[in-house]
Amino acid sequence: AKLTHGFDWTGSICGVDEAVRDKPFLFWCTPSSIEGFTLLDGVCVSRCPSDDQESFLCPGAGLPFQIQQYMDAGHETLEVVIGMRRNLTMKPSYPSTEAFGYCFPKQDVVLFQNVMERTYVFGFTKQVVLAGQGAAESWRFLVLVAIVCVIM
């Protein structure tokens, strides 16, 4: 399912795993900076936001930790817990459009390019998304060409 659905920062497969079954789309949180942008920090959402009026709990940078404690009085068994601590903060949405189960940025060209370059959405799928975005941006020109073709 990871090939046909996005997965969020916790590893849950959007629209498939129980915790996010009602959230089939992957939305990438607004990065603090492009350098801070990572595709592993997406969140599953029920629909792709069409404006900047929503907010989502988004993960911050991971902070590794390690806890050690002896499991017995004789100090013969040591338990070591290794993990990653992440703070979640509310971040605003941005206008996006749904394609193939993902929320692609509509107006933020730099963010869109980062998403396209850093995802596994390559080949034919990538070309379809890019063509669709190009057509959406130049729809007035395409309508004018269609009208001229009908007239001729």
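Residues numbered from 1 in each chain as written. Predicted model: local features only at pLDDT ≥ 70, side-chain atom pairs only at ≥ 80, totals over all residues. Heavy atoms only, no water.

Caption draft 1: Quick look at the environment of Arg47. Residue position: Arg47 is located in the loop between strand 2 (42-45) and strand 3 (55-59). The partly exposed category is assigned to Arg47, whose relative accessible area is 43%. Along the sequence, Arg47 and Lys23 sit 24 residues apart, while their C-alpha atoms lie 7.2 Å from each other. (Helix = DSSP H or I, 4+ residues; strand = E, 2+ residues; numbered from the N terminus. Buried < 20%, exposed > 50% of the residue type's maximum accessible area, 1.4 Å probe, protein only.)

Caption draft 2: The arrangement of the sheet that holds strand 8 (residues 102-105) in detail. Strands sit in the order 2-1-8-7 across an open sheet of four strands; the sheet is mixed. A strand with exactly one partner marks an edge of an open sheet, and here the two such strands are strand 2 and strand 7 (96-99). Between one strand and the next, the sheet's axes are offset by a mean angle of 40°, whatever the strand orientation. (Pairing = 2+ DSSP bridges. Axes fitted to C-alpha atoms, helices over the stretch in contact; angles between N-to-C directions.)

Caption draft 3: The pattern of salt bridges, seen in detail. All told, the structure shown has three salt bridges when counted by the stated rule. Linking Arg47 and Glu54 is a salt bridge whose minimum nitrogen-to-oxygen distance equals 2.9 Å. (Salt bridge = Lys/Arg side-chain N within 4 Å of Asp/Glu carboxyl O.)

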